[in-house]
Amino acid sequence: MPSHKKYNVAVVGASGAVGEELFRVLEEVEFPIATILPLASARSVGEEIECQGKSYKIEELTEAVFDGRDIDIAFFSAGGSISAQFAKYAVEAGAVVIDNTSHFRMDPKVPLVVPEVNPEDIELWEDTGIIANPNCSTIQMVQLLKPLDDLYGIKRVDVSTYQAVSGAGKKGMEELVLQMQAFFNFKLDEAKVEAFTHQIALNVIPHIDTPQENGYTKEEMKMVNETNKIMHSDFAVSATCVRVPVLRSHSESITITFGENVDVSVQEAREALEAFENVTVIDDMSKNEYPMPIIATDTDETYVGRIRKDLYANNILHLWGVADQIRVGAATNAVRIAQKWIKLEE
């Protein structure tokens, strides 16, 4: 991206799955970097990362590490407790923090941003010095909801997610691979179950994150609450989040209910989605063309297909969306926030 200035960038969680993806995205978009400060826990200190042809050694994240470093932008992707403890030190040192954890998302003073949906909220960053990156499943969903809400006005959303194991980080991916290896060696009963509540190989688990008193899980409530904050809306949202044995890219089956007097046109809906930034429509059942994780993985698009009108109600639309949750749902969205922030600052 063109810029008159180069920026000093810190990445907290530099050795994690999202951190590694952040470096890839920063390089791919030619982000205007002066220098990078990769930060992680003590066990990763000394490891090297590469970005834009330069190597940087990982340093330990401490309360004083930002002092005198003149960091402009600090990406946090190391877990909510880490952001809770250390983000303030980056802000005090003069950086804008783009936080990829859940810790600040529902703080009323912190903007929660998907740049294609609510870029205007980035301007609110100065209240706290922090911009929150939404939950990965929320990001890809609101990218599909926004153009349809603008078109017809949404009254209710019902979503079921089919979430890849990489949503649980490297340990989730490793567990699926090891369990599949054990299966082919006829030793699946001996495989460890640690990252998930049950065996994930050859299974689906309708349980992501902590159960809540209302019968939903924390992950499901994130989608409910974050959607309305991002879209400045009050329509009803209900979510069922399921872990599936896919390595990467989340899928979502979404049912959208519009106002009672709305007569949905599939063609109009498709055109609105096709025109929306960073959304790609793949929707031709006659040719077996529709979004799938293998299409979305390693891309920065949110894919949508299976767009169809409800059989019984004219005001209901069904669709299927897929996106790479490490990129679109985390690293890419964070970098896009930073790009928009730079434009505001310039």
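Residues numbered from 1 in each chain as written. Predicted model: local features only at pLDDT ≥ 70, side-chain atom pairs only at ≥ 80, totals over all residues. Heavy atoms only, no water.

Asker: So, the overall build of the protein: which residues are in play, and what are the values?
Answerer: Assigned secondary structure in the protein consists of eight helices and 14 strands. A compact globule built from 346 residues would reach a C-alpha radius of gyration of about 20 Å, and the protein, at 20 Å, matches this within 12%. Each principal axis of the C-alpha atoms in the protein carries an extent, and together these give about 65 × 55 × 40 Å. With the model as given, the accessible surface of the protein reaches about 15,700 Å², and the carbon-plus-sulfur share is 48%. Averaging the positions of the 31 positive and the 54 negative side-chain charges in the protein gives two centres separated by 2 Å. (Helix = DSSP H or I, 4+ residues; strand = E, 2+ residues; numbered from the N terminus. Rg over C-alpha atoms; globule rule 2.2 N^0.38 Å. Areas by Shrake-Rupley, 256 points an atom, 1.4 Å probe, with all protein chains shown as cover. Lys, Arg positive; Asp, Glu negative; His and termini not counted. Charge placed at Lys NZ, Arg CZ, Asp CG, Glu CD.)

Asker: How would you summarise the nonpolar core if you had to cite specific residues and measurements?
Answerer: Counting residues in hydrophobic clusters, the biggest one holds 58 residues, and the most contacted among them are Phe66 and Leu319. The greatest single-element share of this core, amounting to seven residues, is contributed by helix H3 (residues 136-152). In contact with Leu319, other than residues within four places in its own chain, are Leu144, Leu148, Glu252, Ser253, Ile254, Ile256, Leu273, Val304, Gly305, Arg306, Ile307 and Arg308. Of all hydrophobic cores here, the second largest spans 31 residues; its members include Leu26, Ala40, Val113 and Ala331. (Core = buried A, V, L, I, M, F, W, Y, C linked by side-chain atoms within 4.5 Å. Buried < 20%, exposed > 50% of the residue type's maximum accessible area, 1.4 Å probe, protein only. Contact = heavy atoms within 4.5 Å.)

Asker: Tell me about the side chain of Thr299, and please be specific about residues and values.
Answerer: With respect to the helices and strands, the residue Thr299 is situated in the loop between helix H7 (293-296) and strand E13 (302-309). We classify Thr299 as buried; its relative accessible area is 19%. A distance of 2.7 Å separates a polar atom in the side chain of Thr299 from the backbone oxygen of Ala296. Among the polar contacts made by the side chain of Thr299, one reaches the side chain of Tyr303 at a distance of 3.3 Å. Apart from the residues within four sequence positions on either side, Thr299 is in contact with Asp324, Arg327 and Val328. (Polar contact = N/O pair within 3.5 Å; in protein donor to acceptor, adjacent residues only side chain to side chain.)

Asker: Describe the packing of H3 against helix H8 (residues 327-345), and please don't skip the residues or the numbers.
Answerer: Between H3 and H8, whose axes approach to 8 Å, the crossing angle comes to 70°. Comparing their axes, H8 and H3 come out roughly perpendicular. Between H3 and H8, the contacting residues are Cys136, Ile139 and Gln143 on the first element and Val328, Gly329, Ala330, Asn333 and Arg336 on the second. When its residues are assigned to classes, the contact of H3 with H8 shows four nonpolar, three polar and one charged. (Axes fitted to C-alpha atoms, helices over the stretch in contact; angles between N-to-C directions. Parallel < 35°, antiparallel > 145°, perpendicular 65-115°, else oblique. Nonpolar A, V, L, I, M, F, W, Y, C, P; charged D, E, K, R; others polar.)

Asker: Mind laying out the sheet that holds strand E11 (residues 250-258), listing which residues take part and the relevant values?
Answerer: Overall, mixed pairing links the six strands, which are arranged E10-E9-E11-E14-E13-E12 in an open sheet. The open sheet has two edge strands, strand E10 (236-243) and strand E12 (279-281), and neither has a second partner. Pairwise comparison of adjacent strand axes, ignoring direction, gives a mean angle of 20° for this sheet. Lying on the sheet, helix H5 (residues 218-231) is in contact with strand E9 (154-163), E10 and E11; it crosses E10 at an angle near 145°. (Pairing = 2+ DSSP bridges.)

Asker: Describe the packing of aromatic side chains, listing the residues and the values that go with them.
Answerer: This structure, assessed with the given rule, holds six aromatic pairs. Taken together, a centroid distance of 5.6 Å and an interplanar angle of 80° make the contact between Trp125 and Trp341 edge-to-face. Remark: Trp341 occurs in helix H8 and Trp125 occurs in the loop between strand E7 (96-99) and strand E8 (130-132); sequence separation between them is 216 residues. Relative accessible area serves as the criterion here: at 15%, Trp125 is assigned to the buried category. Seen from their ring centres, Tyr152 and Phe258 are 5.2 Å apart, and the 65° between their planes marks the pair as edge-to-face. With Tyr152 in helix H3 and Phe258 in strand E11, the pair connects residues that are 106 residues apart, well separated along the chain. (Phe/Tyr/Trp six-rings, centres within 6.5 Å; stacked < 30°, edge-to-face > 60°.)

Asker: Provide a residue-level description of the sheet that holds strand E5 (residues 59-60), including the pertinent values.
Answerer: Taken together, six strands build an open sheet; the order of strands is E5-E2-E1-E6-E7-E8 and the sheet is parallel. This sheet does not close on itself; its edge strands, each paired only once, are E5 and E8. Relative to E7, strand E6 (residues 73-76) is paired through four bridges, and the arrangement is parallel. Bridge pairing links Ile73 to Val96 in E7. Packing against the sheet, H8 makes contact with strand E1 (7-12), E6, E7 and E8, and its axis sits at approximately 160° to E6.

Asker: Kindly report on helix H4 (residues 170-184), identifying the contributing residues and their values.
Answerer: The terminal C-alpha atoms of H4 lie 21 Å apart, and with 15 residues this matches the ideal 21 Å at 1.5 Å per residue to within 8%. Turning to H4, its buried residues number three or more, namely Gly172, Glu175, Leu176, Gln179 and Ala182. Each buried residue of H4 lies within a common arc of 130° when the element is viewed along its axis, so the set occupies one face. In H4, the exposed positions angled more than 90 degrees off the buried face are occupied by Leu178 and Phe184. In the segment just after H4, Phe186 is the residue with positive phi, at about 60°. (Expected span 1.5 Å × (residues − 1). Arc of directions from axis to C-beta.)

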